[in-house]
Amino acid sequence: MNYVVAILVFGLMILVHELGHFIVAKLSGVAVVQFTIGFGPAIIKKKYKGTLYALRLLPIGGAVMMKGEEDEQSEKILTAQSALPEEEAKGIAFPDAPLWKRFLICIAGACMNFLSGVVIVFLLLLPAQSYTTTTLGGFMDGFQYESAQYFQKGDRLVKVNEFHIYTFADFSTALTLGAGEPFHVVVERDGKRLDLGEIPMEASVWNEETQSYYYGFQMAVGEYTSWTQKPGMALRTSMSYLQSAVAGLRMMISGRVGANDMMGTVGIANEIGTLAKTNTRSMWNFIAFISVNLAFVNLLPIPVLDGGKILFLLFELVARRKLDPKYESYASLVGLVLILGLFVFVTYNDILRLIRG
């Protein structure tokens, strides 16, 4: 049942993503030839008004194929999959649409995933009465940096090192990642931004109750006086998730995090299944986090991903001509090989971690 839940969740995220492409394509007057969820043999398929809708066996992806994108071979496949008389999808070909419309179609899937993350967090916040703010409410005994030069009660944290402080979790993460080095801190005080410079803080404030060292900050607690405050918090939380995804990629490139630490489809499915048994709220928080991460990953400038398509559009904008389809196909093939290779590698690591417990 754990994996059934995970499969349904993956299917939902893929559906939301592809629905974004589909809706914007339709609104832009572009003909959609195929709307499919999953890969492999079709479980359910139906052709309606020239568009083939299909649900396939493996819920690890999806596609919205538009007129002008399909090649001769894919046309034969589509024809063979439909037992109905051929009816051409209405609309113009994707390459013939204005550049700005093609850009909106390409970015729509990621936007829908990000928006779904915001919606999930908002729904989880509905019963909440209070929250931890990013404003300093006080300091623990022994804190050394309470002064006009450094921190004061009422300061709102804006940035610590490279982390924008959208939520308290960002502050906690920034302190963890920056431990051992001076922290570059920006706060807002009396409506003005103040750059406090680099502060050589350490977790040196001892807490007898928890028998642990702390930095010494005490955050103010805020209360929700109206549900209308919660969309803003949901957006800030989702921006925090997005920032974590960017930071993760940056750390992987810099070598601070190894490829072996990456979690793939199997690992995510296992985590969703485990949380489904223990804490439903945590499960949906994790799903929101993954949905926002999916939006980010899809916008990476890698051919075969949406970000790769946007890269080709930027080339067209700058060069004032379209990239030769031959070179675009070569680039997409290389991107596909890289993505499949990474998928196999990460899945292998996921399985090893599961076996080792």
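Below you will find a few notes about this structure. (Residues numbered from 1 in each chain as written. Predicted model: local features only at pLDDT ≥ 70, side-chain atom pairs only at ≥ 80, totals over all residues. Heavy atoms only, no water.)

**Quick look at the overall build of the protein chain**
Quick reminder of the rule: Only DSSP runs of H or I with at least four residues qualify as helices, and only runs of E with at least two residues qualify as strands; both kinds are numbered from the N terminus onward. Whether a residue is buried, partly exposed or exposed follows from its accessible area with a 1.4 Å probe, protein chains only, as a fraction of its type maximum: under 20%, in between, or over 50%, in that order. It only takes one pair of heavy atoms within 4.5 Å for two residues to be counted as in contact. Under the convention used here, a 1.4 Å probe and the Shrake-Rupley method define accessible areas, while residue burial counts only the protein chains that appear.
Within the protein chain, the secondary structure is distributed over nine helices and 10 strands. For the protein chain, with 357 residues in total, the buried portion stands at 39%. Expressed as a percentage of contacts within the protein chain between residues at least 6 apart in sequence, the contacts between residues at least 24 apart total 65%. Summed over its atoms, the accessible surface of the protein chain is roughly 20,200 Å², and 62% of this surface lies on carbon and sulfur atoms.

**Brief notes about the pattern of salt bridges**
Convention followed: In the sections that follow, a salt bridge refers to a side-chain nitrogen of Lys or Arg positioned within 4 Å of a carboxyl oxygen of Asp or Glu.
One pass over the structure, following the stated rule, counts three salt bridges. Across the pair Arg-189 and Asp-155 runs a salt bridge whose closest N-O atoms are separated by 2.8 Å. With Arg-189 in strand β6 (residues 183-189) and Asp-155 in the loop between β3 (130-139) and β4 (156-160), the pair connects residues that are 34 residues apart, well separated along the chain.

**Regarding the nonpolar core**
For clarity, the cut-off: Residues belong to one nonpolar core when they are buried, are Ala, Val, Leu, Ile, Met, Phe, Trp, Tyr or Cys, and are joined through side-chain atoms within 4.5 Å.
Core analysis: the biggest nonpolar cluster contains 28 residues, and Val-121, Leu-125, Ala-234, Ile-268, Ile-272, Phe-286 and Ile-287 have the highest contact counts within it. Listed by contribution, the elements that provide at least two residues to this core are α1 (2-27), α3 (99-125), α5 (230-254), α6 (265-278) and α7 (280-298). Among the elements that take part in this core, α3 stands out by supplying eight residues, more than any other. Residues Leu-136, Phe-151, Ala-174 and Met-201 belong to the second largest nonpolar core, which totals 23 residues.

**Section: the state of the cysteines**
Quick reminder of the rule: Cysteine sulfur atoms are paired as a disulfide whenever they fall within 2.5 Å.
Under the criterion given, the structure shown has zero disulfides. Considering cysteine sulfurs only, Cys-111 is the nearest to Cys-106, which forms no disulfide, with 11 Å between them. What makes Cys-106 buried here is its relative accessible area of 4%. Residue classification places Cys-111 among the partly exposed residues on the basis of a relative accessible area of 42%.

**Topic: the pairing of β6**
Applied cut-off: Two strands are said to pair when DSSP picks up at least two bridges between them.
Among the seven residues that make up β6, five are buried, leaving the element largely enclosed by the rest of the structure. Bridge count between β4 and β6: four bridges; the pairing is antiparallel. Bridging from a neighbouring strand, Lys-159 pairs with Val-186 of β6. The turn linking β6 back onto strand β7 (residues 192-199) is made up of two residues, and Asp-190 within it adopts a positive phi angle of 55°.

**Let's talk about the side chain of Arg-56**
Inclusion rule: Charged residues are defined narrowly, with Lys and Arg counted positive, Asp and Glu counted negative, and His plus the chain ends left uncounted. Nitrogen and oxygen atoms within 3.5 Å of one another constitute a polar contact, given that in protein one can donate a hydrogen and the other can accept it, and given that sequence-neighbouring residues count only through two side-chain atoms.
Following the sequence through the fold, Arg-56 ends up in strand β2 (residues 51-66). For the buried residue Arg-56, which engages in no salt bridge, the nearest side chain bearing the opposite charge is Glu-18, 11 Å off. A distance of 3.0 Å separates the side chain of Arg-56 from the side chain of Thr-36, its partner in a polar contact.

**Regarding the packing of aromatic side chains**
Test applied: For this analysis, a ring pair means two rings from Phe, Tyr or Trp (six-membered ring only for Trp) whose centres lie within 6.5 Å, classed as stacked if their planes differ by under 30 degrees, edge-to-face if by over 60, and tilted for the remaining angles. By definition here, charges over rings are those cases where NZ of Lys or CZ of Arg is within 6 Å of the ring centre and within 35 degrees of the ring normal.
Taken as a whole and assessed by the stated rule, the structure comprises 17 aromatic pairs. A ring pair is formed by Phe-35 and Tyr-53, whose centres lie 6.1 Å apart and whose planes are at 45°; its orientation type is tilted. Taken together, the residues span a long stretch of sequence, with Phe-35 in strand β1 (residues 32-48) and Tyr-53 in strand β2 at a distance of 18 residues. Look at Phe-35 and you get buried, because its relative accessible area is 9%. Exposure remark for Tyr-53: the relative accessible area of 26% places this residue in the partly exposed category. Among the aromatic residues, those joined into a ring-pair cluster are Phe-139, Phe-143, Tyr-145, Tyr-150, Phe-151, Phe-171 and Phe-217. In this structure, Lys-230 is placed above the aromatic ring of Tyr-224, and the distance from its NZ or CZ to the ring centre is 5.0 Å.

**Quick notes on the packing of α3 against α7**
Selection rule: A fitted line through C-alpha atoms represents every axis, and for helices the fit uses only the stretch in contact; the resulting angles, taken between N-to-C directions, go from 0 to 180 degrees. Orientation is classified from the angle alone, with under 35 degrees giving roughly parallel, over 145 giving roughly antiparallel, 65 to 115 giving roughly perpendicular, and any other angle giving oblique. In a left-handed crossing the near helix is turned counterclockwise from the far helix by less than a right angle, and in a right-handed crossing that turn is clockwise. Residues were grouped as follows: Ala, Val, Leu, Ile, Met, Phe, Trp, Tyr, Cys and Pro as nonpolar; Asp, Glu, Lys and Arg as charged; and all remaining residues, including Gly, as polar.
Between α3 and α7, whose axes approach to 7 Å, the crossing angle comes to 160°. In terms of their interaxial angle, α3 and α7 are classed as roughly antiparallel. Where α3 crosses over α7, the handedness of that crossing is left-handed. Note on element contacts: α7 touches α3 through Arg-281, Trp-284, Asn-285, Ile-287, Ala-288, Ser-291, Val-292, Leu-294 and Ala-295, opposite Ala-110, Asn-113, Phe-114, Ser-116, Gly-117, Ile-120, Val-121 and Leu-124. Residues of the contact of α3 with α7, tallied by class, amount to 11 nonpolar, five polar and one charged.

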